[in-house]
Amino acid sequence: EAGVTQFPSHSVIEKGQTVTLRCDPISGHDNLYWYRRVMGKEIKFLLHFVKESKQDESGMPNNRFLAERTGGTYSTLKVQPAELEDSGVYFCASSLLAGAEQFFGPGTRLTVL
Amino acid sequence: SQKIEQNSEALNIQEGKTATLTCNYTNYSPAYLQWYRQDPGRGPVFLLLIRENEKEKRKERLKVTFDTTLKQSLFHITASQPADSATYLCALEEDSNYQLIWGAGTKLIIKP
């Protein structure tokens, strides 16, 4: 069984540009989560999808971040326009049930210059 | 204020000994607490989950305790091996939502 995959693994962009991160959860997992880890800080929750619906997006930092999960399969996280403080590692996770163990992808390392 | 604290300094343990990692929390009412392992360049990997009404959970060489009075969870690795070297993260979830709230992690180094 394939695990959670994320693309790209690394992204380096200029301040003001747009970046789109993609996450493919484990097949059959209705729950999909996005997290971010800024250098030297703990992992922070961004949002939670149940199928295609946003269950909780209270962790999204501001309206420059837009997450979608059309069709309830893969998800994208778009940052537009990117700022320096958006640099960090973005993790995606999925779970069969909400509140159950979460399976994480390898993360996308975003660097905004 | 709310916070989760894990030892920020690396923990060095001799191979074969028991490693004990601590997770303390303040001003949270967790429904349960999870422990994850993270290796460099990889995402966290789930290890154990313990609920608020459970005192202890075991899985092979791993043991987790949860004391809601002390607001603390302890994570033990018995008969430690160099392959156990990694960063260990605790995360809690409150009843009201399904957000995982994370500690910063403790780096564990098992010396041969």
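A few points on the structure. (Residues numbered from 1 in each chain as written. Chains lettered and ligands numbered in written order. Predicted model: local features only at pLDDT ≥ 70, side-chain atom pairs only at ≥ 80, totals over all residues. Heavy atoms only, no water.)

### Side note on the state of the cysteines
- Counted according to the given criterion, the structure contains 2 disulfides over all chains.
- At a sulfur-sulfur separation of 1.8 Å, the disulfide partner of A:Cys23 is A:Cys92. Here A:Cys23 and A:Cys92 share a disulfide; its torsion about the S-S bond, -60°, makes the bridge left-handed. Note that A:Cys23 is positioned in strand 3 (residues 19-24) and A:Cys92 in strand 9 (residues 88-95), a separation of 69 residues in sequence. One exposure class covers both A:Cys23 and A:Cys92, and it is buried.
- Here B:Cys23 engages in a disulfide with B:Cys90; their sulfurs sit 2.0 Å apart. Handedness here is read from the sign of the S-S torsion; for B:Cys23 and B:Cys90, about 65°, the answer is right-handed. In this pair, B:Cys23 is assigned in strand 3 (residues 19-26) and B:Cys90 in strand 9 (residues 86-94), connecting sequence segments 67 residues apart. (Disulfide = S-S within 2.5 Å. Helix = DSSP H or I, 4+ residues; strand = E, 2+ residues; numbered from the N terminus. Buried < 20%, exposed > 50% of the residue type's maximum accessible area, 1.4 Å probe, protein only.)

### Brief notes about the pairing of strand 9 of chain A
Residue and element names in this part refer to chain A.
- For strand 9, a buried count of 8 out of 8 residues is recorded, marking the element as mostly surrounded by other parts of the structure.
- As judged from the 7 bridges shared by strand 4 (residues 31-37) and strand 9, these two strands associate in the antiparallel manner. Across the sheet, residue Trp34 finds its bridge partner in strand 9, namely Cys92.
- Bridge count between strand 9 and strand 11 (residues 108-112): 3 bridges; the pairing is antiparallel. In the sheet register, Val89 faces strand 11, and the bridge partner there is Arg109.
- In this structure, strand 9 lies alongside strand 10 (residues 103-104), joined through 2 bridges in antiparallel fashion. What sits directly across from Ser94, in strand 10, is Phe103. (Pairing = 2+ DSSP bridges.)

### Describing the pattern of salt bridges
- The final tally for this structure, using the stated rule, is 12 salt bridges over all chains.
- The closest approach of N and O atoms between B:Arg37 and B:Asp39, which form a salt bridge, is 3.1 Å.
- One salt bridge connects B:Arg58 with B:Glu56, and the closest N-O pair in it is separated by 2.9 Å.
- In this structure, a network of salt bridges that share partners links the residues A:Arg36, A:Arg64, A:Glu85 and A:Asp86. (Salt bridge = Lys/Arg side-chain N within 4 Å of Asp/Glu carboxyl O.)

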